[in-house]
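# Structure assessment
Okay, here's what each chain looks like letter by letter:
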Amino acid sequence: MTTELQFQARLRAWRALPVHDRAIFASVRIDGLDYDEAARRHGCTARDVEQVVVRVLVALMEADDDAAP
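Model, not experiment: these values are computed from the prediction. (Residues numbered from 1 in each chain as written. Predicted model: local features only at pLDDT ≥ 70, side-chain atom pairs only at ≥ 80, totals over all residues. Heavy atoms only, no water.)

### Focus on the pattern of salt bridges
As enumerated under the stated definition, the model contains four salt bridges in all. For R10, the salt bridge is made with D64, and the minimal N-O distance between the two is 2.6 Å. Placement of the pair is R10 in helix α1 (residues 4–16) and D64 in helix α4 (residues 46–67), with a sequence separation of 54 residues. By relative accessible area, which is 29% here, R10 ends up partly exposed. Between D21 and R55 there is a salt bridge whose closest N-O contact spans 3.1 Å. Of the two residues, D21 sits in helix α2 (residues 19–29) while R55 sits in helix α4, which places them 34 residues apart along the sequence. Residue D21 is classed as buried on the basis of its relative accessible area of 7%. (Salt bridge = Lys/Arg side-chain N within 4 Å of Asp/Glu carboxyl O. Helix = DSSP H or I, 4+ residues; strand = E, 2+ residues; numbered from the N terminus. Buried < 20%, exposed > 50% of the residue type's maximum accessible area, 1.4 Å probe, protein only.)

Spelled out as structure tokens, the structure:
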């Protein structure tokens, strides 16, 4: 179960990300777009979208590690 400390750490990590990265990540993970669709929406390549998704996931996982008791 997610603790309050983990949630706060993830929130800080999310807010520290560039707005463009958050928008691309949300397009894929929340709006359900595939990488090609997200790339068209954000004016980049599918490879760029893939790199952003990885970067955001790593940042969120590292936040979890930092918040671990």
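Now that the structure has been shown, the text picks up again.
### Observations concerning the environment of E4
Of note, E4 is situated in helix α1. There is a polar contact of 2.8 Å between the side chain of E4 and the side chain of Q8. (Polar contact = N/O pair within 3.5 Å; in protein donor to acceptor, adjacent residues only side chain to side chain.)

### Section: the nonpolar core
Ranked by size, the top nonpolar core spans 16 residues in total, and within it V28, A38, V49, V53 and V56 carry the most contacts. Among the elements of the structure, α1, α2, α3 (35–42) and α4 are those that each provide at least two residues to this core. Ranked by residue count, the leading element in this core is α4, at seven residues. (Core = buried A, V, L, I, M, F, W, Y, C linked by side-chain atoms within 4.5 Å.)

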